[in-house]
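Residue-level listing of the chains:
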Amino acid sequence: MQQTALVLGSNGMIGRRLAPMLESRGVDVRSASRSATGASHFDWHDKATYRPALEGNRAVYLVIADPGAEPDATILPFLEEARLAGVGKIVAVSSFGVTFSGEPDTSPRRRLEQLIAQSGLDWTILRPGGFNQNFSESFLLPGIMQAGMVATATGSGPVAFVDAGDIAAVAAIALTESGHEGQHYSLTGPEALTFAQATAVIAEAAERPIAYQALSEAQFAGILAGAGIPPHAIAIMVRDQLAISRDEAAVVSATVPELTGRKARTFADFAKAAAAVWRA
């Protein structure tokens, strides 16, 4: 019987890389996102979309759109629908940030992990560190393109940036192979770099001046607020930045090479591949 898997957030940073990996493993992939139509339409804020998306799937890749939102109202009914639909395995993306010393016991990220662990389903939780693609596809890109600058409140703290492709590769393995049930996997790249060092790598790859600017906590929060990011998300992002400044994100995990059988992608290799984005 062919394996089936639902990929939530299929247009997202990890999801769009994961789907072809699963297909190459012979999995019948059902991609779902808020922008899709029919049974592929999925919206965390519309519980009527849960069951149609889940039907016929044995495994689910789960990522929530707003990691700062309280998960009980959405995750609990979703997991119940998953059980009723016959889903056997959940692979969920959390964050390396749940391990930071300043993370509250009641944080939404920790609550998400608790709900999944208590679901009665086989589960694997992925805890990636800072994404390489935050520089090329996410919140750090506008500053690079509009101001030629990367600005953070991380000070001189290093981060073992991880590539979205490596996260997807681990997710594909956990979704299709046994032996990963009940595991929390910390996912990082092979080296820890400060944001200033990462900015220098990007500038060299893009062949243009890009500077690093150190910000205070208040300055960073103000920039996020000006970009329309909601307060609960700002609180998490600022908390993570301060943890990085305390060197709490410098840990290098061996999970990617151990599970995939190949080295994790370096930040320099990522920057070379993404250079055209920063030249545009």
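Above this text is the structure in question.
In this report, we go over the structure that sits alongside the text. Just so you know, these numbers come straight off a predicted model, no measurement behind them. (Residues numbered from 1 in each chain as written. Predicted model: local features only at pLDDT ≥ 70, side-chain atom pairs only at ≥ 80, totals over all residues. Heavy atoms only, no water.)

Take the side chain of Ser-10 next. By the element assignment, Ser-10 lies in the loop between strand 1 (4–8) and helix 1 (15–24). If we skip the residues at most four places from it in the chain, Ser-10 touches Gly-15, Arg-16, Ser-31, Ala-32 and Ser-33. (Helix = DSSP H or I, 4+ residues; strand = E, 2+ residues; numbered from the N terminus. Contact = heavy atoms within 4.5 Å.)

What follows concerns the layout of surface pockets. Here the second largest pocket defines a volume of roughly 330 Å³. Together, 14 residues line the second largest pocket, and Phe-139, Leu-140, Pro-142, Gly-143 and Ile-223 are the ones closest to its centre. Elements with a minimum of two residues in the lining of the second largest pocket: helix 5 (141–147), strand 6 (149–152) and helix 8 (217–226). The class makeup of the residues in the lining of the second largest pocket is 13 nonpolar, 1 polar and no charged. (1 Å grid on protein atoms, 1.4 Å probe; cavity = no way out; pocket = protein on both sides within 12 Å on 5 of 7 lines; lining within 4 Å. Points joined across faces, edges and corners; volume = space filled by probe spheres on them. Nonpolar A, V, L, I, M, F, W, Y, C, P; charged D, E, K, R; others polar.)

The subject of this paragraph is the sheet that holds strand 4 (residues 89–93). Pairing is parallel in the open sheet, where 6 strands are placed in the order 2-1-3-4-5-8. Of all the strands in the sheet, the pair left with one neighbour each is strand 2 (28–32) and strand 8 (183–187). Between one strand axis and the next, the sheet turns through 15 degrees on average, direction left out of account. Judged from the 5 bridges that link them, strand 5 (residues 122–128) and strand 8 form a sheet pairing that is parallel. Opposite Pro-128, over in strand 8, you have Leu-187 as the bridge partner. Relative to the sheet, helix 4 (residues 108–117) contacts strand 4, strand 5 and strand 8, its axis offset from that of strand 5 by approximately 160 degrees. (Pairing = 2+ DSSP bridges. Axes fitted to C-alpha atoms, helices over the stretch in contact; angles between N-to-C directions.)

The next thing to look at is the packing of aromatic side chains. All chains considered together, the criterion is met by 14 aromatic pairs. Where Phe-135 meets Phe-161, the ring centres are 5.4 Å apart and the plane angle is 75 degrees; that geometry is what we call edge-to-face. Placement of Phe-135 in the loop between strand 5 and helix 5 and of Phe-161 in the loop between strand 7 (158–159) and helix 6 (164–176) is noted, with a sequence separation of 26 residues between them. Taken individually, Phe-135 and Phe-161 each receive the classification buried, so the pair is uniform in this respect. Ring centres 5.8 Å apart and planes at 80 degrees place the aromatic pair Phe-270 and Trp-278 in the edge-to-face group. Under the relative-accessibility criterion, Phe-270 is labelled buried at 2%. Look at Trp-278 and you get buried, because its relative accessible area is 0%. One aromatic cluster is present, formed by Phe-135, Phe-161, Phe-195, Phe-267, Phe-270 and Trp-278 through successive ring pairs. (Phe/Tyr/Trp six-rings, centres within 6.5 Å; stacked < 30°, edge-to-face > 60°. Buried < 20%, exposed > 50% of the residue type's maximum accessible area, 1.4 Å probe, protein only.)

Mapped onto the fold, Ala-233 is located in helix 9 (residues 231–245). Sequence separation between Ala-233 and Gly-68 is 165 residues, and the spatial gap between their C-alpha atoms is 5.1 Å.

Even without glycine at this site, Glu-207 takes up a positive phi of about 55 degrees. Considering the arrangement of structural elements, one finds Glu-207 in the loop between helix 7 (195–206) and strand 10 (211–214). Of note, the phi angle at Asp-247 is positive, near 70 degrees, even though the residue is not glycine. For Asp-247, the location among the structural elements is in the loop between helix 9 and helix 10 (255–260). The class for Asp-247 is partly exposed, based on a relative accessible area of 45%.

Below, the discussion takes up the environment of Ala-275. By the secondary structure assignment, Ala-275 is in helix 11 (residues 267–279). Its relative accessible area of 3% is what places Ala-275 among the buried residues. Along the chain, Ala-275 and His-184 lie 91 residues apart, while their C-alpha atoms are 33 Å from each other. If we ignore the near neighbours within four places in the chain, the residues touching Ala-275 are Ala-205 and Ala-206.

Below, the discussion takes up the side chain of Thr-154. In this structure, Thr-154 sits in the loop between strand 6 and strand 7. Reaching out from Thr-154, the side chain makes a polar contact with the side chain of Thr-152 at a distance of 2.6 Å. With residues up to four places along the chain from it excluded, the contact list for Thr-154 reads Phe-195, Tyr-212, Gln-241, Ile-244 and Ser-245. (Polar contact = N/O pair within 3.5 Å; in protein donor to acceptor, adjacent residues only side chain to side chain.)

A separate point is helix 11. End to end, helix 11 covers 18 Å across 13 residues, agreeing with the expected 18 Å (1.5 Å per residue, within 8%). The sharpest bend along helix 11 reaches about 50 degrees and sits at Ala-273. Taken as a whole, helix 11 has its buried residues at Phe-267, Phe-270, Ala-271, Ala-274, Ala-275 and Trp-278. In this structure, the buried residues of helix 11 make contact with helix 5, strand 9 (193–194) and helix 7. (Expected span 1.5 Å × (residues − 1). Bend = angle between axes of the 7 residues up to and from the residue.)

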